[in-house]
Amino acid sequence: MVRPAKKGLPMAEPNVLLVRIDNRLIHGQVATQWNAVLGAGLIIVANDEVAANAMRQNLMKMAAPRGIRTRFLSVANAADAIRESSERKGIFVVVETPADALALVQAGAPVTRVNVGNMHMTGDKRQVTPSVAVDERDVAAFRALRDAGVELEIRRVPTASAEDVEKLFA
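Residues numbered from 1 in each chain as written. Predicted model: local features only at pLDDT ≥ 70, side-chain atom pairs only at ≥ 80, totals over all residues. Heavy atoms only, no water.

Regarding the overall build of the chain
In terms of regular secondary structure, the chain is built from six helices and ten strands. Taking 170 residues into account, the globule formula puts the C-alpha radius of gyration at 15 Å, and the chain, at 16 Å, falls close to it. Judged by the C-alpha coordinates and their principal axes, the chain covers about 55 × 35 × 30 Å. At a minimum sequence separation of 6, the contacts of the chain that also span at least 24 residues come to 69%. Surface accessibility of the chain: about 8,600 Å² in total, with carbon and sulfur atoms responsible for 52%. Positive and negative side-chain charges of the chain, numbering 22 and 19 respectively, have mean locations separated by a distance of 9 Å. (Helix = DSSP H or I, 4+ residues; strand = E, 2+ residues; numbered from the N terminus. Rg over C-alpha atoms; globule rule 2.2 N^0.38 Å. Contact = heavy atoms within 4.5 Å. Areas by Shrake-Rupley, 256 points an atom, 1.4 Å probe, with all protein chains shown as cover. Lys, Arg positive; Asp, Glu negative; His and termini not counted. Charge placed at Lys NZ, Arg CZ, Asp CG, Glu CD.)

So this is what it looks like as structure tokens:
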């Protein structure tokens, strides 16, 4: 689908390179390893709490790659911004939880692939890989993402091999 452009020229579809679930959001691994591989021109942190928290945003801005635009948006606003974007270099979206990723999809963001990176062990979560722990709410969100046709991968860093996503559902 091509959106109508101003002055009658077609605009390209949004170029979402990757959506990554990482409860740390922007940190050294995201800034140095993932974005180096992706080459994004824009990083969007899509999380309602972070969108309203200037202190967390400022901390992440310090870790963000130099020369790369970074935006901190609520999930709904991120979905709108992604749909309306014509970022040529591509968009790297980072969310905190599987629920955030699912909300992006449900809001109409063109998400085809979700990388499951870091989900720390807390409360009643169970460890499924050294860097990923899930609870029933996470599993339900992953099932809904998969049912929506979103490809899931577990990969902590881009140089590692992907792990079996069925671990999320076992």
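Digging into the pattern of salt bridges
One pass over the full model with this rule turns up ten salt bridges. Here R113 ties to E153 by a salt bridge, and the two come within 3.9 Å at their closest N and O atoms. With R113 in strand β7 (residues 113–118) and E153 in strand β10 (residues 151–154), this residue pair connects regions lying 40 residues apart in the sequence. With relative accessibility at 7%, the residue E153 sits in the buried group. Across the salt bridge formed by K125 and D138, the nearest N and O atoms sit 3.0 Å from each other. Pair noted here: K125 is in the loop between β7 and β8 (126–129) and D138 is in helix α6 (residues 136–147), with a separation of 13 residues, a long-range link. The exposure class assigned to D138 is buried, which follows from its relative accessible area of 7%. (Salt bridge = Lys/Arg side-chain N within 4 Å of Asp/Glu carboxyl O. Buried < 20%, exposed > 50% of the residue type's maximum accessible area, 1.4 Å probe, protein only.)

No statement about biological role is implied by the geometric values presented.
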